[in-house]
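Summary of the model geometry
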Amino acid sequence: MKLKVYIWALVDFPTIIHAVNQTWPMAIGLMLSPFPVLALLIILMTANARRNSLWFMIGWFTGIIAVAMLAYFIPGLLGGNNEPTATSGWVRVAFGILLLIGANRQYGKRPKKGEVPKIPRLIARLDRVGIGSSLFTGFLLSGINVKNVMFIAGGTLTIVKAPGSLFTHAFAFIIFMLIGTTLLFLLLGAYFIYGTKSQEILFKCRMWLTQHVYSVLAGLLMFISALLFFQAWQILT
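A short tour of the structure in this document, coming up. The structure presented is a predicted model; accordingly, all values stated were derived computationally and were not measured.

**Details of the overall build of the chain**
Assigned secondary structure in the chain consists of 11 helices and zero strands. Its helices and strands taken in sequence order, the chain reads α-α-α-α-α-α-α-α-α-α-α from the N to the C terminus. Residue burial in the chain is summarised as follows: out of 237 residues, 43% are buried. Sequence separation of 24 or more characterises 84% of the internal contacts of the chain that already satisfy a separation of 6 or more. Accessible surface for the chain amounts to roughly 13000 Å². Of this, 70% is attributable to carbon and sulfur atoms.

**Details of the packing of aromatic side chains**
Aromatic ring pairs: the centre-centre distance and the angle between the two ring planes describe each pair. The tally for this structure, following the rule as stated, stands at five aromatic pairs. Ring plane angle 35° and centroid distance 6.0 Å describe the contact between F61 and F185, whose orientation is recorded as tilted. Of this pair, F61 sits in helix α4 (residues 49-73) while F185 sits in helix α10 (residues 182-194); the two residues are 124 residues apart in sequence, bridging distant segments of the chain. Their ring planes at 85° and their centres at 5.9 Å tell us that Y191 and F192 sit as a pair that is edge-to-face.

**Some remarks on a nonpolar patch on the surface**
A surface patch of nonpolar side chains, about 440 Å² in accessible area, is lined by V91, F95, I97, L98 and I101. Its place among the elements puts I101 in helix α5 (residues 86-108). Classification of I101 as partly exposed rests on a relative accessible area of 48%.

**Quick word on the side chain of S198**
The residue S198 is located in the loop between α10 and α11 (199-236) in this model. In contact with S198, other than residues within four places in its own chain, are A190 and Y191.

**Here's the deal with the pattern of salt bridges**
A complete count under the given rule lists one salt bridge for this structure. K204 is paired through a salt bridge with E200; the nearest N and O atoms lie 3.6 Å apart. With K204 and E200 both in helix α11 and four residues apart, this pair spans about one turn of that helix.

Calculation rules
- Residues numbered from 1 in each chain as written.
- Predicted model: local features only at pLDDT ≥ 70, side-chain atom pairs only at ≥ 80, totals over all residues.
- Heavy atoms only, no water.
- Helix = DSSP H or I, 4+ residues; strand = E, 2+ residues; numbered from the N terminus.
- Buried < 20%, exposed > 50% of the residue type's maximum accessible area, 1.4 Å probe, protein only.
- Contact = heavy atoms within 4.5 Å.
- Areas by Shrake-Rupley, 256 points an atom, 1.4 Å probe, with all protein chains shown as cover.
- Phe/Tyr/Trp six-rings, centres within 6.5 Å; stacked < 30°, edge-to-face > 60°.
- Patch = residues over 30% accessible without salt bridge, like charges linked within 9 Å, V, L, I, M, F, W, Y side chains within 5 Å.
- Salt bridge = Lys/Arg side-chain N within 4 Å of Asp/Glu carboxyl O.

Set out below in structure tokens:
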């Protein structure tokens, strides 16, 4: 009991609220990333959906935590006073430009009317994979996917900049992580609560996202780019 009271005393709730307010755009960007959603929708259509979807989520959370730890310990991203350096500002500008170019390329991949959309082979074959592949795919989509890595790293660095104890930062990061996973939680909840009754709706969601995945991705890349430019402007001015 005393330990619980001591831990809660170390958590600064005003700082947590401030950190969440600063990181929600990155958390929303992570939540709306189309390929993790599409991957989970495909897994939920398989015979071993319950087992594989849970392992996918374990991989997803493992990737998020791994990226956060790397962002925290990589030197040069924060200055001596936990302030972002000018180097990190120009890095954001460079990434923002690259992402605008990437958004244009992704938008150009949109399938023409009547054309079957092409999705990455890793995602397409998820309807016939097991535990290991589900786990690896979840990790890949959060811990290796460039867009999601940028969201997670950006959110982590923003939280670390806020004053407060390690418990305060950890609590704020957990909230950030849960917000970024909200859409996946909703899909899982629909499947686990309604079972086969949810299959028709989930299938329609899968077909729509498969058809429009590159348009959604292009919009997401533009959102990230705008966010990076805004952060760079705050750092460099």
